[in-house]
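# Structure assessment
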Amino acid sequence: VNIGVLTSGGDAPGMNAAVRAVVRQGLAGGHRLVGFRHGFDGILKADYVELHPGSVGGIIDEGGTFLGTGRSPRFELEEGQLAALENLAALDVDGLLVVGGEGSMKGAHALCLRGFPALGIPGTIDNDVYGTEVSIGFDTCLNTILDAVSKLRDTASAHDRVFVVEVMGRKCGALALYSALGGGADFVVIPEDLSHRDQAARAVAYDHRRGKLHTIILVAEGACTADEMVKALSGNVLGHEVRRSVLGYIQRGGHPSARDRILGSRMGAAATDALVGGTSDVMVGVEADRIVFTALEDVITKKKELDLSILDLLATLAL
Ligand code: F6P
């Protein structure tokens, strides 16, 4: 089988481990591997590389994606998809493995609807993809945020300050929620429960009346900006200065954690086996530490639920 592979959307630590697994598992089975550069645009521009065992040597511990990534507006159009199919046929590619977030899964599904075998591997720091408990990159990103929160707490407590920390996640609050829990934050604001955004100022004022000296508030970018939260707090934190920190793109970089390397390796190999075995139009995922497959149709139409009981736990632990 001639297998194409690409990474698409925002890069996530562990994508390299996934592509490495795809390549090595595929080659071990006697298949040919073609890597497309910078996502679906790589197919449209016939920008590709033949992959050999050495092509993926020494990358398991590297962040980013050695294939490059990108979002392709042209591939969203019928014209782009038809052009991609022509190029795939010209390169003799029989099936495609797509590593990325929900938008990338839509791209894989679009090819399947046109009769071309494709299979998804979830790679996004946001952990917002239906069909898997965890996506590649989420764990590393959480660790990066926790490292930053620890450092911010040092300076927050030295000055008795309130710190508002804005994290990524697009429309999903998973990064904010879990890093708030793991980082011992006092408050979190996520798009899934905006009531907390309105309560934050009152809660912080109350905490200070009780004698709390410093406060860490995490906000998910999908709920509000750090600046908006700082504004909402003004006048409610008498005697305490408020500072903000937008963590930004450092959240996407860095060496993948052990969990993301292992997850990428398992998912990459399982997806390759599935594609070679004739399975298509599904995404590989992990549930209760087991590899599972979910129809791409469900992946792109269903919403992954966030465990909102963690908000209560956070409130109790932040006492
Ligand atoms: O999906 C990953 C992500 O990092 C989001 O958390 C963020 O909103 C977005 O990508 C940023 O995208 P871009 O790289 O296009 O600025």
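The text that follows walks through the structure, step by step, so that each part is easy to find.

Reading guide: rules and limits
- Residues numbered from 1 in each chain as written.
- Predicted model: local features only at pLDDT ≥ 70, side-chain atom pairs only at ≥ 80, totals over all residues.
- Heavy atoms only, no water.
- Helix = DSSP H or I, 4+ residues; strand = E, 2+ residues; numbered from the N terminus.
- Contact = heavy atoms within 4.5 Å.
- Near = heavy atom within 4 Å.
- Polar contact = N/O pair within 3.5 Å; in protein donor to acceptor, adjacent residues only side chain to side chain.
- Areas by Shrake-Rupley, 256 points an atom, 1.4 Å probe, with all protein chains shown as cover.
- Nonpolar A, V, L, I, M, F, W, Y, C, P; charged D, E, K, R; others polar.
- Phe/Tyr/Trp six-rings, centres within 6.5 Å; stacked < 30°, edge-to-face > 60°.
- Buried < 20%, exposed > 50% of the residue type's maximum accessible area, 1.4 Å probe, protein only.
- Pairing = 2+ DSSP bridges.
- Axes fitted to C-alpha atoms, helices over the stretch in contact; angles between N-to-C directions.

## Examining the environment of L27
Its place among the elements puts L27 in helix 1 (residues 15-28). Remark: the alpha-carbon pair of L27 and L51, spanning 24 residues in sequence, is separated by 8.9 Å. Here L27 is in contact with L33, L51, H52 and P53, once residues within four sequence places are set aside.

## Observations concerning the site of the ligand
The ligand sits among R71, T124, I125, D126, M168, G169, R170, E221, Y249 and R252. One of the side-chain N or O atoms of D126 is found 2.7 Å from an oxygen atom in the ligand. In the environment of the ligand, an oxygen atom lies 3.2 Å from a nitrogen or oxygen atom belonging to the side chain of R170. For the ligand, whose accessible area on its own is 400 Å², the fraction buried by protein is 76%. Residue composition of the shell around the ligand, grouped by class: three nonpolar, two polar and five charged.

## Looking at the packing of aromatic side chains
Going through the model one piece at a time under the given rule, you end up with three aromatic pairs. For the pair F40 and F75, a centre-to-centre distance of 4.2 Å together with 15° between the ring planes defines the contact as stacked. Of this pair, F40 sits in helix 2 (residues 40-44) while F75 is found in the loop between strand 3 (48-51) and helix 3 (78-90), placing the two residues 35 residues apart along the sequence. Like F40, the residue F75 is buried in the burial classification. Where F138 meets Y178, the ring centres are 6.1 Å apart and the plane angle is 85°; that geometry is what we call edge-to-face. Separated by 40 residues along the polypeptide, F138 in helix 5 (residues 138-159) and Y178 in helix 6 (residues 174-183) bring together distant segments of the chain.

## Quick notes on the sheet that holds strand 6 (residues 162-167)
If you walk across this open sheet you meet the four strands as 7-8-6-9, and the pairing is parallel. Because the sheet does not close on itself, it has two edges, and the strands there are strand 7 (187-189) and strand 9 (242-246). Shown here is a sheet whose adjacent strand axes are inclined to one another by a mean of 20°, direction ignored. Pairing geometry for strand 6 and strand 8 (residues 215-220), over six bridges, is parallel. By the bridge assignment for strand 8, V164 is matched with I217.

## Let's talk about the sheet that holds strand 2 (residues 32-36)
With mixed pairing, the seven strands of this open sheet are ordered in space as 3-2-1-4-5-10-11. With partners counted over all chains shown, the strands left at the sheet margins are strand 3 and strand 11 (290-295), one partner each. Within the sheet, the average angular offset between the axes of one strand and its neighbour, ignoring direction, is 25°. For strand 2 and strand 3, the ladder comprises four bridges, and the chain directions are antiparallel.

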